[in-house]
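# Coordinate analysis (summary)
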Amino acid sequence: MRSYYIAGNWKMHKTTGEAVALAQALVTELASCKERVMIAPPFTALAAVAEVVKGTNLRLGAQNMGSELQGAHTGEVSALMLRDLGVSAVILGHSERRHSYHEDDALINRKVLLALEQGLEPILCVGETLEEREAGSLESVVGTQVREGLKNVSAAQLPAITIAYEPVWAIGTGKTATPLDADAVHAYIRVVLESLYGAEAARSMCIQYGGSVKPDNVAELMAQPNIDGALVGGAALKVESFGPIANFRA
Ligand code: PEP
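Residues numbered from 1 in each chain as written. Predicted model: local features only at pLDDT ≥ 70, side-chain atom pairs only at ≥ 80, totals over all residues. Heavy atoms only, no water.

## Quick look at the pattern of salt bridges
Counted according to the given criterion, the structure contains 13 salt bridges. The salt bridge partner of Glu103 is Arg97, with a shortest N-O separation of 3.0 Å. Notably, a salt bridge pairs Arg190 with Asp228, separated by 2.8 Å at the nearest N-O pair. In this pair, Arg190 is assigned in helix α8 (residues 179-197) and Asp228 in the loop between α10 (218-222) and β8 (229-232), connecting sequence segments 38 residues apart. Neither Arg190 nor Asp228 differs from the other in exposure class; each is buried. (Salt bridge = Lys/Arg side-chain N within 4 Å of Asp/Glu carboxyl O. Helix = DSSP H or I, 4+ residues; strand = E, 2+ residues; numbered from the N terminus. Buried < 20%, exposed > 50% of the residue type's maximum accessible area, 1.4 Å probe, protein only.)

Laid out in structure tokens, this is it:
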């Protein structure tokens, strides 16, 4: 049976108490979920949510991490600290990090390599803005983000990585790429991966789609041959919406 990876990015939402309540509700709701599911609360709630998901089928993720292991980096959180809390995955290169905090491909690549080295599974986010899409540079933008994000990642390390294709214009806007359009970009990402790692590695790579995924569009998106999961923002904040997304095959 095909396997899907559904991840929820809670962004800068939820106090610790609210995060624990949502995590508890999800543990119950998703107890028999068939998919691989990850939730990424804010840093401040990671320790408390780690206690809730321990021993369950929900994996714990972080939304970002520092590019150094430790040292004089005020305000940063390192891979070591995340591992210490029971975090197993980390979202890197989210468009909000790229655009609001000016993270470039070189910095994101450093984080990807460090996460892998420290045993964290990165979700590498890529995606074009509306201007880039309209200018016809979708493939060059996404291709560059994939190539540069994976620089110096070995073929042996590749299975630990997930790529999330998130068209920037579809994030938090209610606009979703049509399933066929999204699938075409995912197929292109596999072409790029094949040029780097060969056909089998490209075929096996888990590529999530992100951008206004909701209970009513998830099944159609997941039915596309090149879409292997979802990275969910707004709809990840409530059990009433994230539950049905993760349980879309129930
Ligand atoms: C995201 O932030 O990764 C995202 C996909 O957000 P939303 O689902 O709200 O569009």
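More follows now that the structure is in view.
## Points about the pairing of strand β7 (residues 206-210)
The element β7 is extensively covered by neighbouring structure, given that five of its five residues are classed as buried. Where burial is concerned, the two faces of β7 agree: the one with Cys206, Gln208 and Gly210 and the one with Ile207 and Tyr209 are both buried. Bridge analysis of strand β6 (residues 162-165) against β7 gives four bridges, and the strand direction is parallel. Paired with Tyr165 across the strands is Tyr209, a residue of β7. Both β7 and β8 contribute to a ladder of three bridges, which runs parallel. Within the sheet, the bridge partner assigned to Tyr209 lies in β8 and is Ala230. (Pairing = 2+ DSSP bridges.)

## Brief notes about the site of the ligand
Every one of the 14 residues lining the ligand counts as a neighbour, but Lys11, Glu166, Gly172, Ser212 and Gly234 are closest to it. In this structure, His94 approaches the ligand through a side-chain N or O atom, which is 2.8 Å from an oxygen atom. Measuring from an oxygen atom of the ligand, one finds a backbone N or O atom of Ser212 at 2.7 Å. Within the complex, the protein chains bury 97% of what would otherwise be the 290 Å² of accessible surface of the ligand. Here the residues of the shell around the ligand sort into four nonpolar, eight polar and two charged. (Near = heavy atom within 4 Å. Polar contact = N/O pair within 3.5 Å; in protein donor to acceptor, adjacent residues only side chain to side chain. Areas by Shrake-Rupley, 256 points an atom, 1.4 Å probe, with all protein chains shown as cover. Nonpolar A, V, L, I, M, F, W, Y, C, P; charged D, E, K, R; others polar.)

## Notes on helix α11 (residues 239-246)
Because an α-helix completes one turn every 3.6 residues, residues spaced three or four positions apart along the sequence face the same direction. Most of α11 is tucked away, with six of its eight residues classed as buried. The complete set of buried residues in α11 reads Val239, Ser241, Phe242, Gly243, Ile245 and Ala246.

## Description of α8
In this model α8 runs 26 Å from its N-terminal to its C-terminal C-alpha over 19 residues, within 8% of the 27 Å that 1.5 Å per residue would give. Residues of α8 that are buried: Pro179, Ala182, Asp183, Val185, His186, Tyr188, Ile189, Arg190, Val192 and Leu193. Within two residues after α8, Gly198 carries a phi angle of roughly 95°, on the positive side. (Expected span 1.5 Å × (residues − 1).)

## With respect to the sheet that holds β8
The eight strands are arranged β1-β2-β3-β4-β5-β6-β7-β8 in a closed barrel whose pairing can be described as parallel. Within this sheet the neighbouring strands show an average axis-to-axis angle of 25°, counted without direction. By the bridge criterion, four bridges tie strand β5 (residues 121-126) to β6 in an arrangement that is parallel. Note on β6: the bridge partner recorded for Cys125 is Ala164. Contacting β5, β6 and β7, α8 runs over the sheet at an angle of about 145° to β7. (Axes fitted to C-alpha atoms, helices over the stretch in contact; angles between N-to-C directions. Contact = heavy atoms within 4.5 Å.)

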